[in-house]
Amino acid sequence: MKSAVETLNPTRVRLTVEVPFEELKDSLDAAYKKINQQVTVKGFRKGKIPARVIDQRFGRGAVLEEAVNDALPKFYTEAVNEAELSVLGQPEVDITELKDGETLNFTAEVDVRPALEIPDYSGIEVEVDAIEVTDEDIEKSVEQLRERFASTSPVERAAEDGDVVTIDLEAKVDGEVLEDGIANGVSYTIGSGELLDGIDDAVKGKSAGEEATFTSELKGGSAAGKEAEVTVKVTQVAARELPELDDDFAQLASEFDTLEELKADSRKRLTNMKQFDQATQAQERVLEKLLDLVEVPVPEKLLEDEVNTRKHNLEHHQLGQMGLTLDKYLEIQGKSAEEFETETREAAVKGIKTQFVLDELVKKEQLNVNQEELTEHLMRRAASSGMSPDQFAQAVVEGGQVPLLVGEVARGKALAVVVEAATVKDTNGEVVNLDDEEETEAAEASETSEETTEG
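Remember, it's a predicted structure, so these values are computed and weren't measured experimentally.

Colleague: Got a minute to help me understand the pairing of strand β1 (residues 2-9) in this structure?
Modeller: Each regular strand carries side chains that alternate between the two faces of the sheet. With seven bridges connecting them, β1 and strand β2 (residues 12-20) associate as antiparallel partners. The residue bridging E6 from the neighbouring strand is R14, located in β2. Hairpin connection, β1 to β2: the antiparallel pair is bridged by two residues.

Colleague: Would you mind going over helix α3 (residues 60-83) with me for this structure?
Modeller: The α-helix winds at 3.6 residues per turn, so residues separated by three or four positions along the chain end up facing the same way. The end-to-end C-alpha distance of α3 is 33 Å, a good match for the 34 Å that 24 residues give at a rise of 1.5 Å each. For α3, the full list of buried residues reads V63, L64, A67, V68, A71, L72, F75, Y76, A79 and V80. Buried residues along α3 sit against β1, β2, α1 (25-38), α2 (51-58), β3 (87-99) and β4 (103-112). One or two steps after α3, the chain reaches E84, where phi turns positive at roughly 55°.

Colleague: Please explain the packing of aromatic side chains as it appears in this structure.
Modeller: To describe a pair of aromatic rings, one takes the distance between the centres and the angle between the planes. Going through the model one piece at a time under the given rule, you end up with one aromatic pair. Arranged with centres 6.2 Å apart and planes meeting at 90°, the rings of F149 and F249 form a pair that is edge-to-face. Remark: F249 occurs in helix α6 (residues 247-253) and F149 occurs in the loop between α4 (135-148) and β6 (151-154); sequence separation between them is 100 residues. On the basis of relative accessible area, F149 is assigned to the partly exposed category, the value being 29%.

Colleague: How should I be thinking about helix α8 (residues 300-322) in this particular structure?
Modeller: Look at α8: 32 Å from first C-alpha to last across 23 residues, which is about the 33 Å you get at 1.5 Å a residue. Largest kink in α8: about 35°, centred on L314. Residues L302, L303, E306, V307, L314 and L319 constitute the buried set of α8. Of the surrounding elements, those touching the buried residues of α8 are β3, β4, α9 (326-333) and α10 (337-364). Remark: G323 follows α8 within two positions and exhibits a positive phi of approximately 75°.

How each quantity is defined
- Residues numbered from 1 in each chain as written.
- Predicted model: local features only at pLDDT ≥ 70, side-chain atom pairs only at ≥ 80, totals over all residues.
- Heavy atoms only, no water.
- Pairing = 2+ DSSP bridges.
- Helix = DSSP H or I, 4+ residues; strand = E, 2+ residues; numbered from the N terminus.
- Expected span 1.5 Å × (residues − 1).
- Buried < 20%, exposed > 50% of the residue type's maximum accessible area, 1.4 Å probe, protein only.
- Contact = heavy atoms within 4.5 Å.
- Phe/Tyr/Trp six-rings, centres within 6.5 Å; stacked < 30°, edge-to-face > 60°.
- Bend = angle between axes of the 7 residues up to and from the residue.

Everything listed here is a matter of geometry and, on its own, says nothing about what the molecule does.
The structure is reproduced here in structure tokens:
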């Protein structure tokens, strides 16, 4: 077999392959064997039909077609490996010549990873938000905890903001009560915004036994997105009582003995959260600067596939779970279809460029992924997917996704290397020293959010 490579553009090549006919022998034998098992000829046992009879009865062309279909993937792969190409997606194959007993010639056009030149990135400088945890932040955190330990007790008065009301609901569309439009004994905190738009105004001022009717757009169910006439009846009003903010509360709500210890822990926890947010911000801004330094051509077919994948995942997974259509989502977001298309394409381009550049950095810096790093990443991905580590690991193995996870970890490490070499300052002008582990975790989180789909 002989092969040659022609570069059509920075992301696409054409392979020209010439195969001597003797190299098709194994595929021809397999073709005769396969046809033998599929056909019957009077006077011959199944599987024992001579090749010359198959040629006479079914045509040599059918045998050649079967043999070529069997052989093409093998010769294409050999040509790709010989040229050391990093191909993307499936090739477009064209058989240019097939002479029985002489030769098989074909071409294969396929997208390839572009050759990238990673420049010196040590001069990258970025600014991030300073870490500031105020007394107000602490008070807000403690107040949220206090809300979780609130108790309720029924009251004989009209409902007010913050009260917990027990209500019965009935929704009608076009005058007809929906099959799934009746709900009784629903507990609702006035002002929480957790039910329908307009319900707060409807129940405020109502006492147990009173009802009101209002119009609202349904957020879920069989008539999601439609305007409905909703009747709400208040069956009970209960006042929420917050516990006193003292040492007793600290002991009730935490493992601490005093309120001051609880507040100190809140400060520490909020500081850790802001440190992680700061690290993530650093990754994102360093990545932006890195991408600006590298010229990255993007294969058009890969881009189209990535755009379609992102649209499909949004429409059929994320929005589907929320009971929203794409049109309704765009309406809520205040975006036109054209704006959505542009944003999706820009995000896809960034995702592809990110993957190309970081993969090139992995090679340049000779970064490897060990079992411990892969396991830690798998645990984080499992937690974010809502699956147990065992379930997630099984799904990854069965789906042949282990190399993808290894790639995610390696790209996270590559970005962490760039961040380490960059100068990161906060808005106060102070140099930020990111913890290695926190840096890598944030890099993986940032990188994972820009994942792309490759064939």
